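Structural description and commentary
Spelled out from the first residue to the last, the chains are:
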Amino acid sequence: MRKQRTAPILIYLRWGALFVVVLFLVIQVTPHALGQRSRRDISKRTSHVEAPSHADGGTWIVTGSLNTARYLHTASLLPSGLVLVAGGSDSSFTVSPAAELYDPATYTWTVTGSLNTPRMLHTATLLPDGKVLVAGGIDSSGTASTSAELYDPATSTWTVTGSLNTARESYTATLLSNGMVLVAGGYDSNTHVLASAELYDPVSGSWTPTGNLNTARTVRNATLLTDGRVLVAGGSTNSGFLASAELYDPVSGSWALTGSLNDGRSANTATLLPNGMVLVAGGDDSIVLPPTATVELYDPESATWIFTGSLNTARDLHSATLLNNGMVLVAAGADISGNPAVNAELYDPATGSWSVTVSLNTARELHSATLLTNGMVLAAGGFDSNFDVSASAELYESQPSPTPTPTPTPRVTPRPHPTPHPRPTPPD
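The sections below set out a description of the structure shown in this document. (Residues numbered from 1 in each chain as written. Predicted model: local features only at pLDDT ≥ 70, side-chain atom pairs only at ≥ 80, totals over all residues. Heavy atoms only, no water.)

Here's the deal with the overall build of the protein chain
Under the convention used in this document: A helix here means a DSSP run of H or I that spans at least four residues, while a strand means a run of E at least two residues long, and both kinds are numbered starting from the N terminus. Any residue under 20% of the maximum accessible area for its type is buried, any over 50% is exposed, and the rest in between are partly exposed; the area is computed with a 1.4 Å probe on protein chains only. We call two residues in contact when some of their heavy atoms are within 4.5 Å. Each accessible area is a Shrake-Rupley estimate made with a 1.4 Å probe; only the visible protein chains count as cover when residues are assessed.
The helix and strand tally for the protein chain stands at 2 helices and 32 strands. Looking at the protein chain as a whole, 55% of its 428 residues are labelled buried. Within the protein chain, contacts between residues at least 6 apart in sequence are counted, and of these 51% link residues at least 24 apart. Carbon together with sulfur atoms contributes 55% to the accessible area of the protein chain, which is approximately 17,100 Å² in total.

What follows is the structure in structure tokens.
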């Protein structure tokens, strides 16, 4: 029965050695020869090992370790600046209910209230009221769940809310401009690929069906465009990868096809750029398997996709984070050999090119990456280079833009100097 879970998970996981690890996960067989592998003992307050800075000024700094090693979890930046990490699969390859909070001020993780339902391959969405909605995913029975719950940072507790109409995992969740949450696609409890979509209303705590996707797909990212529509592109079915893309209109509650990707792909990232375009990078390619280095841009005005500069390293299962300086940091993931990667690179929208930045301290894939309020990026968990489930975490600090010197003006009342952009204090 558990072997039926293999197909949906393998869409996102590398073949080869990783295939073995994940297969063991889904059939809940304890991995052989795990032993007692030693890991670096990172102090929660003091051992911030700084890597050498790269020519671009970026650096990765080791920070406090998670209390629970995990992958396929979620990470949410709270209004307080803390980061909530919830669920995932732990080092025993057991679906976990554990949740914890990262404090950038102390570089430490603190255990918080546990989920009511253990889950992985779920979604977490920060709501306008500061609560976090967690829904669906694979639960401890090994099947997709309909359950949903809310985390309240004020009480550090989870409360059950209305259940999804359709059990789903490996789907998208997007906070709309009207405050509702759109979920779409994924796999159901019978591993059927879904075209259905539904809306969560935070006021009533209930889910309502909305228009179906034109193409059933399992996909882990969707992008809220500047005009309020939602772009879903690529993804996969049980028979292969998709190039099609479509847009959800919250006003009509319907999906419309838009220009297709040049390359069908899955396990990629999608990032909204400051210019309103969407950057889709890497992933498993329908033409070149394993991972691709190709990258495309979606232009909402022309509804077309164009190739832009390729990644220096082909990868999937990576993370992509829009930095405060407008560049996109792509980090780690699985390389062309199926091994967790340690390298990282930056995309410059002005030139359409990628430049290598400093490598992470720990190779990882299926990790989380969160932009903090201080401008740093927190990478946590995932699989490491030994295919162990990792508890390690680290921070990326980019080179801040210099504060321009104000030009003096001959006025009676001098122009006030601009407030300097605060540079994060490296812990790191």
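A word on the layout of surface pockets
Put simply, the rule reads: A pocket here means an open set of points on a 1 Å grid, computed over the protein atoms alone, that has protein on both sides within 12 Å along at least five of seven lines. A cavity is instead a set of points where a 1.4 Å probe fits but cannot get out; residues with an atom within 4 Å of a point line either one. Grid points are joined across faces, edges and corners, and a volume is the space filled by probe spheres set on the points. Under the convention adopted here, Pro, Cys and the residues Ala, Val, Leu, Ile, Met, Phe, Trp and Tyr are nonpolar, Asp, Glu, Lys and Arg are charged, and Gly plus all remaining residues are polar.
In this structure, the largest pocket encloses a volume near 1,800 Å³. As for the largest pocket, its lining consists of 44 residues, of which Ala-75, Arg-220, Asn-221, Ala-320 and Ala-369 are closest to the centre. Among the elements of the structure, β2 (74-77), β6 (123-126), β10 (172-175), β14 (223-224), β21 (269-272), β26 (319-322) and β30 (368-371) are those that each provide at least two residues to the lining of the largest pocket. Partitioned by chemical class, the residues of the lining of the largest pocket number 22 nonpolar, 21 polar and 1 charged.

Remarks on the environment of Pro-340
Summarising the element assignment, Pro-340 is placed in the loop between β27 (328-331) and β28 (344-348). With residues up to four places along the chain from it excluded, the contact list for Pro-340 reads Gly-333, Ala-334, Ala-363, Arg-364, Glu-365, Phe-383, Asp-384, Ser-385 and Phe-387.

Describing the pattern of salt bridges
What counts is decided by this rule: Salt bridges are counted wherever a side-chain nitrogen of Lys or Arg sits within 4 Å of a carboxyl oxygen of Asp or Glu.
The full count for this structure, using the stated rule, is 9 salt bridges. For the salt bridge of Asp-263 with Arg-265, the shortest nitrogen-to-oxygen distance reads 3.9 Å. There is no split in this pair, since Asp-263 and Arg-265 are both buried. Among the charged side chains, a network of salt bridges with common partners joins Asp-263, Arg-265 and Glu-296.

Overview of the sheet that holds strand β4 (residues 99-103)
Going by this rule: The pairing criterion for strands is at least two bridges between them, as found by DSSP. Angles run from 0 to 180 degrees between N-to-C directions of axes, and those axes are lines fitted to C-alpha atoms, restricted for helices to the stretch in contact.
Read across the open sheet, the 4 strands follow the order β2-β3-β4-β5; overall the sheet is antiparallel. A single partner strand is all that each edge strand has here, and the edge strands are β2 and β5 (108-112). Taking the axes of each pair of neighbouring strands and ignoring which way they run, one obtains an average angle of 25 degrees across the sheet. Both strand β3 (residues 83-86) and β4 contribute to a ladder of 4 bridges, which runs antiparallel. Bridging across to β4, Val-83 finds its partner in Tyr-102.

Re the pairing of strand β32 (residues 393-397)
Across the 5 residues that make up β32, a large majority, 5, are buried. Relative to β32, strand β1 (residues 59-63) runs antiparallel, the two sharing 5 bridges. Paired with Thr-59 across the two strands is Glu-397, which belongs to β32. By the bridge criterion, 4 bridges tie strand β31 (residues 377-380) to β32 in an arrangement that is antiparallel. Paired with Ala-379 across the bridge in β32 is Glu-394.

Quick look at the environment of Thr-174
Inspection of the secondary structure puts Thr-174 in strand β10. You can call Thr-174 buried: its relative accessible area is 6%. Thr-174 sits 10 residues away from Ala-184 along the chain, and the two C-alpha atoms are 8.9 Å apart. Not counting chain neighbours up to four residues away, the residues in contact with Thr-174 comprise Met-180, Val-181, Leu-182, Ala-222, Leu-224 and Val-230.

A closer look at the packing of aromatic side chains
Let me state the cut-off plainly: Pairing of aromatic side chains requires ring centres within 6.5 Å, counting the rings of Phe and Tyr and the six-membered ring of Trp. Pairs whose planes differ by under 30 degrees are stacked, by over 60 edge-to-face, and all others tilted.
Here the structure, examined in full by the defined rule, presents 9 aromatic pairs. Seen in terms of ring centroids, Trp-60 and Tyr-396 are 5.1 Å apart; in terms of plane orientation they differ by 55 degrees. Their pairing is tilted. Separated by 336 residues along the polypeptide, Trp-60 in strand β1 and Tyr-396 in strand β32 bring together distant segments of the chain. When sorted by exposure, Trp-60 lands in the same class as Tyr-396, which is buried. One aromatic cluster in this structure is built from Tyr-71, Phe-383 and Phe-387.

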